[in-house]
Amino acid sequence: MTEMSTTKDRPILLDVKDLKTYFFQRRGVLKAVDGVNFTVRAGESVGLVGESGSGKSMTCLSIMRLVPKPAARIVEGQILFNGQDLLSIDESDMREYRGSKIAMVMQDPQTSMNPVFTVGNQVEEPIKLHLKERGAQAMQRVLDALRAVRIPSPEDRVKQYPHQFSGGMRQRVVAAMGLATSPELLVADEPTTSLDVTIQAQFLGLIRDIQKEHGTSVIWVTHDLGIVAQMCDRVNVMYAGRIVESAEVQKIYKDPQHPYTKALLDSVPVMGARRPRLYQIDGQPPDLRSIPTGCSFWPRCPAAMDICKTEYPPATHLGGDDFVHCWLAEK
Ligand SMILES: Nc1ncnc2c1ncn2[C@@H]1O[C@H](COP(=O)(O)OP(=O)(O)O)[C@@H](O)[C@H]1O
Ligand SMILES: [Mg+2]
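A. Inspection of the site of ligand 1 at higher detail. Lining the immediate surroundings of ligand 1 are 14 residues, of which Ala 32, Gly 53, Lys 56, Ser 57 and Met 58 lie closest. Of all the elements in the fold, those that place two or more residues in the shell around ligand 1 are strand S2 (28-41) and helix H1 (56-63). No other element matches H1, which puts 3 residues into the shell around ligand 1. In terms of residue class, the shell around ligand 1 is made up of 7 nonpolar, 6 polar and 1 charged.

B. Quick peek at the sheet that holds strand S4 (residues 72-81). As summarised here, the arrangement of the 4 strands in space is S2-S1-S4-S5, forming an open sheet in which the pairing is antiparallel. At either end of the open sheet lies a strand with only one pairing partner, and these are S2 and strand S5 (84-85). Bridge count for S4 against S5 is 2 bridges, and the pairing is antiparallel. Paired with Phe 81 across the strands is Gln 84, a residue of S5. Strands strand S1 (12-25), S2 and S4 of the sheet are contacted by H1, whose axis makes an angle of about 70° with S2.

C. Region of interest: the confidence of the model for the chain. A residue-level look at the chain finds 92% of positions with pLDDT of 70 or above and a mean pLDDT of 89. Overall, residues 1-5 carries pLDDT values under 50, and its contacts beyond four positions in sequence, including any with other chains, amount to 8 contacts.

D. How the structure looks around the sheet that holds strand S6 (residues 102-105). Read from one edge to the other, the open sheet built from 8 strands follows the order S6-S7-S8-S3-S9-S10-S12-S11, with strand pairing classed as mixed. A single partner strand is all that each edge strand has here, and the edge strands are S6 and strand S11 (315-317). The sheet shows a mean angle of 20° between the axes of neighbouring strands, direction not considered. Taken together, the 4 bridges between S6 and strand S7 (residues 185-189) define a ladder with parallel strand orientation. Note on S7: the bridge partner recorded for Val 105 is Ala 188. Here helix H7 (residues 167-179) sits on the sheet and contacts S6 and S7; the angle it forms with S6, its principal contact strand, is near 170°. Its contacts with the sheet put helix H11 (residues 259-266) on strand S3 (45-49), strand S9 (234-239) and strand S10 (242-248), and the angle it makes with S9 is roughly 105°.

E. A look at the nonpolar core. Formed by 86 residues in total, the largest nonpolar core has its most connected members in Ala 176, Ile 219 and Trp 220. Sort the elements by how many residues they give to this core and H7 lands first, with 7 residues.

F. Spatial organisation of unusual backbone geometry. At the junction of Lys 69 and Pro 70, the peptide bond is cis and its omega measures out at 0° in the coordinates. Secondary-structure assignment places Pro 70 in the loop between H1 and S4. Of note, the phi angle at Arg 65 is positive, near 55°, even though the residue is not glycine. Looking at the element boundaries, Arg 65 is found in the loop between H1 and S4. A positive phi angle is found at Asn 82, which is not glycine, with a value near 50°. When you line up the elements, Asn 82 lands in the loop between S4 and S5.

G. Summary view of the packing of helix H4 (residues 119-131) against H7. Interhelical geometry of H4 versus H7 gives an angle of 25° and a closest axis separation of 7 Å. Judged by the angle between their axes, H4 and H7 are roughly parallel. From H4, Val 119, Gln 122, Val 123 and Pro 126 reach across to H7, where they touch Val 173, Ala 176 and Met 177. Residues belonging to the contact of H4 with H7 are distributed by class as follows: 6 nonpolar, 1 polar and no charged.

H. Summary view of the pairing of S1. Bridging between S1 and S2 involves 11 bridges; their strand directions are antiparallel. Residue pairing in the sheet places Gln 25 in a bridge with Gly 28 of S2. In this structure, the hairpin formed by S1 and S2 is closed by a connection of 2 residues. Of the pairings in the sheet, the one linking S1 to S4 comprises 8 bridges and is antiparallel in character. Bridging from a neighbouring strand, Lys 20 pairs with Glu 76 of S4.

I. Representation of H1 in the model. In terms of burial, H1 is largely enclosed, as 7 of its 8 residues are buried. Those residues of H1 that fall on the buried side of the exposure criterion are Lys 56, Met 58, Thr 59, Cys 60, Leu 61, Ser 62 and Ile 63. Residue Arg 65 follows H1 closely and has a positive phi angle near 55°.

J. Spotlight on helix H2 (residues 91-100). For H2, the set of buried residues is Tyr 97, Arg 98 and Gly 99. Along H2, the residues classed as buried sweep out an arc of 165° about the axis, all on the same side. Facing away from the buried surface of H2 by more than 90 degrees, the exposed residues are Ser 92, Asp 93 and Glu 96.

K. Spatial organisation of the packing of H7 against helix H8 (residues 197-214). Packing of H7 against H8 leaves a shortest axis separation of 10 Å and a crossing angle of 15°. As far as their axial angle goes, H8 and H7 are roughly parallel. Relative to H8, the crossing made by H7 is right-handed. Seen from H7, the contacting residues are Gly 168, Gln 171, Arg 172, Ala 175 and Leu 179; seen from H8, they are Ile 199, Phe 203, Ile 207 and Ile 210. Tallied by class, the residues present in the contact of H7 with H8 amount to 6 nonpolar, 2 polar and 1 charged.

Here is what the cut-offs are and how they apply
Position labels on residues start from 1 in each chain and follow its written sequence. Here chains are named by letter from A upward and ligands by number from 1 upward, in the order in which they appear as written. Local features in this predicted model are restricted to residues of pLDDT 70 or higher, and side-chain atom pairs are both shown and tallied only at a pLDDT of 80 or more, whereas totals for entire chains, interfaces and linings draw on every residue. The criterion for a residue being near a molecule or strand is simple: its C-beta atom, placed using the backbone, must lie within 6 Å of it. A run of DSSP states H or I qualifies as a helix once it reaches four residues; a run of E qualifies as a strand once it reaches two. Both are numbered from the N-terminal end. Each residue gets one label: Ala, Val, Leu, Ile, Met, Phe, Trp, Tyr, Cys and Pro are nonpolar, Asp, Glu, Lys and Arg are charged, and the others, such as Gly, are polar. Any two strands between which DSSP finds at least two bridges are classified as paired. Residue pairs are scored as contacts if the distance between their C-beta atoms, which are placed from the backbone, is within 7 Å. A fitted line through C-alpha atoms represents every axis, and for helices the fit uses only the stretch in contact; the resulting angles, taken between N-to-C directions, go from 0 to 180 degrees. Values of pLDDT, which run from 0 to 100, indicate the predictor's confidence residue by residue. Linking buried Ala, Val, Leu, Ile, Met, Phe, Trp, Tyr and Cys residues through C-beta atoms within 7 Å yields a set, and such a set is a nonpolar core. Exposure in this text rests on C-beta crowding, where 20 or more other C-beta atoms within 10 Å of a residue's own make it buried, 12 or fewer make it exposed, and counts in between make it partly exposed. The C-beta atoms are placed from the backbone. Orientation categories follow fixed angle ranges, with anything under 35 degrees roughly parallel, anything over 145 roughly antiparallel, 65 to 115 roughly perpendicular, and all other angles oblique. Of all possible arcs, the one meant is that of the directions from the helix axis to the C-beta atoms. By definition, any crossing whose near helix is turned counterclockwise from its far helix by less than a right angle is left-handed, and any crossing with a clockwise turn is right-handed.

Written as structure tokens, this is what we have:
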């Protein structure tokens, strides 16, 4: 939790409206993202949580306009960044945003780095591309970026290749690549999944420091509600391609509204238990090729009523930016 609940009065940086991203397959349409709405304010850290396969990564890739082509397509919605709809600009303008104003740190650092180029070359790439800096000036910025993520002896490290770095150090390099151009928004898709607990804690502290210093907004995708509590001002709970609840972090832990949110919080392991890779709740997440009619959670919901099986619940606004989609809250 960064400076508690001060972010809700800040200007909106990112406004995602009714975003839909579908995979068109021979067997049918897979609705990976099916009407997602959320905002990120300046300097705010927003969590995106939910079971595996709920559409978190596809939401992030949609914001970056990097959905896998031609299998997936953004079919509807707006992604307003400082008021500019990123879905209506052409690819060359989007390339300007990507890397300079919006950066993404991926789930898997192995795939975000090229094994045949030195670490220095790779961190330099976005700097050359977006800041149009070259030579000594660019190298200075590379060294600064590596220092910012606390990589020791960056002057020596820049000449090395990714395989000469440990997993934790590689993840820092990927963060340095993203942060080198001081983006306004960092999209972090489970960046700590492959790190052990101690290294993870260091990495989180690092991102928080950088964020505090530069006022960077962050979207945190994570399975780990502990990370959310530590890092986020706001949480968006995603289920079957939609955000079913959005609330300030203190509020959601104290008073979750959606039965799915409650189930997630109940599934948090007790202190000292082994960290599970993902939380588990009863039943299976739906197949996104055939999402149940009504509320997609009803087959697993202990409180399901008749209306839940036929109609998707509208957003019930709960003050500030908070909302929930649940017939129980509508009542
Ligand atoms: N390249 C792909 N081809 C087909 N389906 C995909 C692909 N990538 C993701 N999906 C499907 O899209 C849905 C959402 O995936 P994803 O956004 O990766 O989920 P999450 O990040 O929440 O685990 C899942 O049902 C997944 O199977
Ligand atoms: Mg994912």
